[in-house]
Amino acid sequence: LKPLDPQGAPHRRSHIGPRRARPTRASPLRLSSMADPAGVGADGAPLTGSQIQANLTSAKEARKRAELDAQLLANRIALLKQEEEKAWKKIEETRKRAAEITELRKQ
């Protein structure tokens, strides 16, 4: 069972290894201005319309990446739970088979 992306399509990652950190696109200036609700840049000057739009776009992209990461983690957890159930089932079958063999040897 392959993990699904939020739209329900199989995800492009075929392995279940640890995820690499993505480089951030926002500069330190953007991060500081995004955190300021008054719309004032790091140098104290008011932000221009294009700077505000860039900050808004950056925040939307960051939110989408965070939502995608959350969905990928949820899919990974579900897959690991399925694998755990499968492993426990196999363990139980092995125990039953071992008990059968032990019983046959006693006879």
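The structure presented is a predicted model; accordingly, all values stated were derived computationally and were not measured.

(A) Inspection of the pattern of salt bridges at higher detail. The full count for this structure, using the stated rule, is three salt bridges. Linking Glu92 and Arg95 is a salt bridge whose minimum nitrogen-to-oxygen distance equals 3.1 Å. With Glu92 and Arg95 both in helix 2 (residues 49–106) and three residues apart, this pair spans about one turn of that helix. On the basis of relative accessibility, which here comes to 37%, the residue Glu92 falls in the partly exposed class.

(B) View of helix 2. Compared with the 86 Å implied by 1.5 Å per residue over 58 residues, the 85 Å span of helix 2 between its first and last C-alpha is a close match. Looking at helix 2, one finds that the buried residues are Asn55, Ser58, Leu72, Asn75 and Leu79.

(C) Highlighting the confidence of the model for the protein chain. Predicted confidence across the protein chain gives a mean pLDDT of 78, with 63% of residues reaching 70 or more. Segment residues 26–36 is flagged for pLDDT under 50; beyond a separation of four residues in sequence, or across chains, it makes 14 contacts in the model.

Criteria and thresholds
Residues take numbers from 1 onward in each chain, read along the sequence in its written order. It should be noted that, the model being predicted, local features are given only for residues of pLDDT at least 70 and side-chain atom pairs only at 80 or more, the latter also being counted only at that level, while totals for whole chains, interfaces and linings use all residues. The side-chain quantities take in all heavy atoms of the structure and omit both hydrogens and water. The salt bridge criterion pairs a side-chain nitrogen of Lys or Arg with a carboxyl oxygen of Asp or Glu, the two atoms within 4 Å. Only DSSP runs of H or I with at least four residues qualify as helices, and only runs of E with at least two residues qualify as strands; both kinds are numbered from the N terminus onward. A simple rule labels every residue: compare its accessible area, found with a 1.4 Å probe on the protein chains alone, to the largest value its type can have, and call it buried under 20%, exposed over 50%, or partly exposed in between. In a helix, the anticipated span is given by 1.5 Å times the number of residues less one. Within a predicted model, pLDDT stands for the predictor's per-residue confidence, ranging from 0 to 100. Here, residues are in contact when the closest pair of their heavy atoms is within 4.5 Å.

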